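# A look at the structure
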Amino acid sequence: MTANPAAIGDTHLAVDPNGAPTAEAGLPAVELRLENARAGYRTIEVLHGIDMAIPSGAVTALLGANGAGKSTTLRTIAGLIPLRGGSLTWRGEQITKMTTTNRAKRGLMLVPDERAVFATLSVRDNLQIIAEASGHPDITPALEAFPRLQERLSQRAGSMSGGERRMLALARALLARPSVLMVDELSLGLSPKVASELFAWLGTVADAGTTVILADQYTEEALALADMVYVLHRGEITFAGTPAELGASELLAASAS
Ligand code: ATP
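Figured I'd write up the structure that's included with this text. (Residues numbered from 1 in each chain as written. Predicted model: local features only at pLDDT ≥ 70, side-chain atom pairs only at ≥ 80, totals over all residues.)

### With respect to the packing of helix α4 (residues 123–133) against helix α7 (residues 162–175)
Inclusion rule: To get an axis, fit a line to the C-alpha atoms, keeping to the stretch in contact for a helix; angles then go from 0 to 180 degrees between the N-to-C directions. The secondary structure listing takes helices from DSSP runs of H or I that are at least 4 residues long and strands from runs of E that are at least 2 residues long, numbered from the N terminus. Oblique is the label for every angle not falling under 35 degrees (roughly parallel), over 145 degrees (roughly antiparallel), or within 65 to 115 degrees (roughly perpendicular). By convention the crossing between two helices is left-handed if the near helix lies anticlockwise of the far one by an angle smaller than a right angle, and right-handed if it lies clockwise. Once C-beta atoms have been placed from the backbone, residue pairs whose C-beta atoms lie within 7 Å are recorded as contacts. We call Asp, Glu, Lys and Arg charged. Ala, Val, Leu, Ile, Met, Phe, Trp, Tyr, Cys and Pro are nonpolar, and the rest, Gly among them, are polar.
Orientation of α4 relative to α7, taken along the N-to-C sense of each, is 25°, at an axis distance of 8 Å. On the basis of the axis angle, α4 is roughly parallel to α7. Of the two possible hands of crossing, α4 and α7 adopt the one that is right-handed. Between α4 and α7, the contacting residues are V123, N126, L127, I130 and A131 on the first element and L168, A171, R172 and L175 on the second. Class assignment of the residues belonging to the contact of α4 with α7 gives a composition of seven nonpolar, one polar and one charged.

### A short note on the site of the ligand
Keep this limit in mind: Near residues are defined by distance alone, with the backbone-placed C-beta atom required to lie within 6 Å of the molecule or strand.
In the vicinity of the ligand, the residues found are Y41, I44, V46, G64, N66, G67, A68, G69, K70, S71, T72 and A215. Where the shell around the ligand is concerned, the elements lending two or more residues are β2 (44–55) and α2 (70–78). Looking at side-chain class alone, the shell around the ligand contains five nonpolar, six polar and one charged residues.

### Things to note about the sheet that holds strand β9 (residues 228–233)
Here is the rule we go by: Two strands are counted as paired when DSSP detects at least two bridges linking them.
One open sheet accounts for six strands, arranged β6-β7-β8-β3-β9-β10; its pairing is mixed. A single partner strand is all that each edge strand has here, and the edge strands are β6 (108–111) and β10 (236–241). Neighbouring strand axes in the sheet, compared pairwise and without regard to direction, differ in orientation by 15° on average. Alignment of strand β7 (residues 180–184) against strand β8 (residues 211–216), held across five bridges, turns out to be parallel. From the neighbouring strand, V180 faces β8, where its bridge partner is T211. Each of β3 (59–63), β6, β7, β8 and β9 touches α2; the most contacted strand, β7, lies at about 150° to it. Strand contacts of helix α8 (residues 192–207): β3, β7 and β8, with the helix running at about 150° to β8, the strand carrying the most contacts.

See below:
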């Protein structure tokens, strides 16, 4: 099925006439909106004009097979790669040309993978640096969220397992107090137990009001967590809607490699 994501976005989500998000009439507010977004690498176009409306304070899952364009979508929102066409608005404000740094300063945060830590620094220093940069030097919230890190405070981040580094990367993101947290392939290389813990944690982050965007192939857990789902296939959106609306055929397409 090919959905009309713009229409679905407009039906399910609301923006007031000044472009600010609104939750009136029971509709979730729009945090980010991609319209006819095109992006790629060198001569290759990867995103062929996608439309997305990301709801505020909820979990949006971007699902799709390898190479579908999920990471490229997150990089585009973070500003790591420029849009070649179309636009990106954040709470109604046009940010298509805003630098990556300014997006990050204003609370857009991408956790690409477990390498998003300083490998040569200790766990404590990894946390301290970002806590101080955010103006709230207390690292306790990160240790409460991920108690396993407490036991590893003096350990070099680079010597930890992939799952622990992933926790550290997420703990750093938590301390940065993002308004939008984007996580790429949360479950990649993790044991099912650790992946479940991290999915559960992401749910609590969204419950606390942060907008979460999750790109993943691990559809069962991602779907259980998601309020809104976009399925990408070869740089185009083939489904947009709630997990309940996602039929078996889209699920199959989303998990096919
Ligand atoms: P995966 O799970 O494999 O990361 P994905 O859905 O996240 O899949 P992307 O990583 O966005 O997909 O990749 C989309 C397409 O862009 C693929 O064909 C990929 O080869 C290409 N691509 C990704 N990164 C680059 C890059 N840095 N330079 C050139 N091409 C790239």
